[in-house]
Amino acid sequence: MSTLRTLVHDEATAALPRLTPAEAAVVRRELAELAAGELGGELFEQMRKLAAAVPGRLYDDSAHVLLRMHEIAGSGNLQSNLSSLSTVRACFDLGLVGGDTPPAELVVGRGHIAPAFYAEHYVRGAFPFAPLTTLHRGGLTGVVHRDLGFGNTMRYSLGVGVHQAVGLAWELRRRGDGRKVVCLAGDGELQEGSAFEALRFAHEADLDNLVLVVDANGKGIEPLAKPVSRDYLAAYLGRVAETDGTDDDAVRDSLESLLAAPGRAALVCRTLKGAHSFRPPSAAGATGRPSFSQTTGPLLADRLRRTKRQAAVFTADMAARFGFKDHLPYVNTGLAETLSVGLTLSLPDPTLKVVATDGMYYMDSLSMLTEATTGARNLLVLAGKSHGQWGGAHNAVNLLGGLLNTRVYEPVTAAEFQACLDRLDREPGTAHVVSAVDAKFEPPLTDCSDDLDGAVWVTPPAPGRSGTAVVTFGYAGVLVSEANADLGVPHLHCAALEPRLPPETVALLAGVERLLTVEYNGVQGGFGERLRSRHLLDAEVHGIRTDILTCAHAQQLRRHGMAPDQLRALLGAAPGASEDEEVRGAAASA
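Residues numbered from 1 in each chain as written. Predicted model: local features only at pLDDT ≥ 70, side-chain atom pairs only at ≥ 80, totals over all residues. Heavy atoms only, no water.

- Going by the annotation in an unreviewed UniProt entry, the name recorded for the protein is Transketolase, with Streptomyces alkaliterrae given as the source organism.
- On record in UniProt, under Subunit (unreviewed entry), the comment for the protein is "Homodimer."
- The record in UniProt for the protein states the following under Sequence similarities (unreviewed entry): "Belongs to the transketolase family." (UniProt positions renumbered as here; feature names shortened; annotations may be inferred.)

**Some thoughts on the pattern of salt bridges**
Piece 1. Counted according to the given criterion, the structure contains 35 salt bridges.
Piece 2. One salt bridge connects Arg252 with Asp249, and the closest N-O pair in it is separated by 3.1 Å. With Arg252 and Asp249 both in helix α11 (residues 248–260) and three residues apart, this pair spans about one turn of that helix.
Piece 3. Owing to a relative accessible area of 22%, Arg252 belongs among the partly exposed residues under this scheme.
Piece 4. Residues Asp565 and Arg558 are paired through a salt bridge, measuring 2.5 Å at the closest nitrogen-oxygen approach. (Salt bridge = Lys/Arg side-chain N within 4 Å of Asp/Glu carboxyl O. Helix = DSSP H or I, 4+ residues; strand = E, 2+ residues; numbered from the N terminus. Buried < 20%, exposed > 50% of the residue type's maximum accessible area, 1.4 Å probe, protein only.)

**Concerning empty space enclosed by the protein**
Piece 1. Applying the stated criterion across every chain yields a total of seven cavities of 30 Å³ or more.
Piece 2. Residue lining of the second largest cavity: Ser84, Thr87, Arg110, Ile113, Leu184, Ala185, Val213, Val214 and Asp215, and that is the complete set.
Piece 3. Among the elements of the structure, β2 (180–186) and β3 (210–216) are those that each provide at least two residues to the lining of the second largest cavity.
Piece 4. Among the elements that line the lining of the second largest cavity, the one with the most residues is β3, at three residues.
Piece 5. Counted by class, the lining of the second largest cavity contains five nonpolar, two polar and two charged residues. (1 Å grid on protein atoms, 1.4 Å probe; cavity = no way out; pocket = protein on both sides within 12 Å on 5 of 7 lines; lining within 4 Å. Points joined across faces, edges and corners; volume = space filled by probe spheres on them. Nonpolar A, V, L, I, M, F, W, Y, C, P; charged D, E, K, R; others polar.)

**Considerations on the sheet that holds strand β15 (residues 514–522)**
Piece 1. Sheet architecture is open: five strands sit in the order β12-β14-β13-β15-β16, paired in mixed fashion. For this open sheet the edge positions go to β12 (456–459) and β16 (539–544), each flanked by a neighbour on one side alone. Between one strand axis and the next, the sheet turns through 25° on average, direction left out of account.
Piece 2. In this structure, strand β13 (residues 468–473) lies alongside strand β14 (residues 491–494), joined through four bridges in parallel fashion. Of the residues in β14, the one forming a bridge with Phe473 is Cys494.
Piece 3. Contacting β12, β13, β14 and β15, helix α16 (residues 475–483) crosses the sheet at an angle of about 145° to β13. (Pairing = 2+ DSSP bridges. Axes fitted to C-alpha atoms, helices over the stretch in contact; angles between N-to-C directions. Contact = heavy atoms within 4.5 Å.)

**Re the sheet that holds strand β9 (residues 379–385)**
Piece 1. Strand order in this open sheet of six strands is β7-β6-β8-β9-β11-β10, and the pairing throughout is parallel. The open sheet has two edge strands, β7 (331–332) and β10 (406–409), and neither has a second partner.
Piece 2. Across four bridges, β10 lies against strand β11 (residues 431–437) in parallel orientation. What sits directly across from Arg407, in β11, is His432.
Piece 3. Packed on one face of the sheet, helix α15 (residues 414–426) meets β8 (352–358), β9, β10 and β11 and runs near 170° to β11.

**With respect to the packing of aromatic side chains**
Piece 1. Inspection of the entire model under this criterion finds 15 aromatic pairs.
Piece 2. Both rings, one in Phe92 and one in Phe117, keep their centres 6.1 Å apart while their planes meet at 35°; by these two values the pair is tilted. Here the residue Phe92 occupies a position in helix α6 (residues 85–93), and Phe117 occupies one in helix α7 (residues 114–123), the gap between them amounting to 25 residues. In this structure, Phe92 and Phe117 share a single accessibility class: buried.
Piece 3. With a centroid separation of 5.4 Å and 15° between ring planes, the pair formed by Phe473 and Phe527 is classed as stacked. With a gap of 54 residues between them, Phe473 in strand β13 and Phe527 in helix α18 (residues 527–535) connect regions that are remote in the sequence.
Piece 4. In textbook terms, an aromatic cluster arises when at least three aromatic residues are bridged by ring pairs, as seen for Phe44, Phe92, Phe117, Tyr118, Phe127 and Phe150.
Piece 5. The ring of Tyr122 has Arg57 sitting right over it, with the charged end atom 4.3 Å from the ring centre. (Phe/Tyr/Trp six-rings, centres within 6.5 Å; stacked < 30°, edge-to-face > 60°. Lys NZ or Arg CZ within 6 Å of the ring centre and 35° of its normal.)

Structure below.
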């Protein structure tokens, strides 16, 4: 477990130029207090102790604190947090948060509203200000975590909170504990198939100790097609109450009443939500290079116009992620990612079936993906990726590459993306998973579009040279190219997770003194390890070895040892240097 000082010191110090003079003064006092000696206890207790050591509040309105947190971070889900703020305040008022003996257990299924709890903790004197400046920058996580005062941790699936709440309600009743479980959820979250399963079980197990609180704002990332069904909730939970979710008193009184009454129930809080993602005013009207994933919609639309091909496009609230809007007709299935895949199963063979999802979402639909890859033809899975791995839990890294009848690619140019579609046309019985990275970069001049399953030399080997060579997969090739700009290390780029290299290329790689593989990907069973096992190459594998980190893309690169300057140090190391000496050292020093 991290101490509070190691969690916030560097990021809070870096945030000082973005703070007001009053905020900066408080942060310096808090950092000085941390430097004077370690605070004892768990992380949440350290927060309380630091807040007590530097008393006084800069702000007394948690809504304003939320705004400042997002302005300082430069990103986040401000509107989602504001939408649930009255519910969060009610949880504090009723003792569900912060007390030693809460009247009921609280499960925050709407996990990305963690900042609303941080803000409320701050105005009530339980949190210092310095950690608030680290949101989304390697300090405070944007989603709930046990270390930060929550009863549960959530990382990958929005629907998991309902499961956690139902499981806890079942366990409390089994132990004879009369307390109820309150679960905070969103109407978009309830679209997940897993949430349906959990509520059905609560009904069939006759759990009488569950209160589901729904933030009904009519939006996920996109607007919902219809409001949450009161009849559906009543069928499984019995009593359903509705209230104005923007009225602190109304939410508190309604929740208190349901906690006091016997039986399970739902409280629907009608709220409002603006834009899903926060953008600071300075960036509100800014235009610039789109991320690579945002280019896939226009590229796909142009191809469909040229080929007059019939397509069915399904996405789990990810249309903006892939640039579909104003370019490509699509069906939004909300957060029901399993449904997005399942809808493709019985469509006509010639139809191009496009499933656009998040690098984490598809981990929830692997069983349906297995069904689709063995039964559907012309299946294209667009897998948005921002955290460096193939999404989801660390032990499932690259599992998609192991599915039957599946090929995995990570294109970095428009030509490589079109080559993926060309290959799908030639081989419609193989599902094509295309990782589309959420990063903005200048496409390289050299790519694998002429041989998608092969490789291309970005920097060709010099005759007679046998020092270091590097082989990259996908986006890592862009990063290594920048790092290698004036080093001249022979660099082989691949767009396929499992490239098919000709014998002469394998022989050349086998003959170098030091061979590196680099992937912006989890390495367990990934590109480098597959290359080693397929061709028996003695390669050092460099990529992401830890779970996803809760920070922005630029920080992700550095914390995983993937920033260009770190890769430059890696490439420039002496032949034969061990990974522990060079790679780990570069990442640790960062």
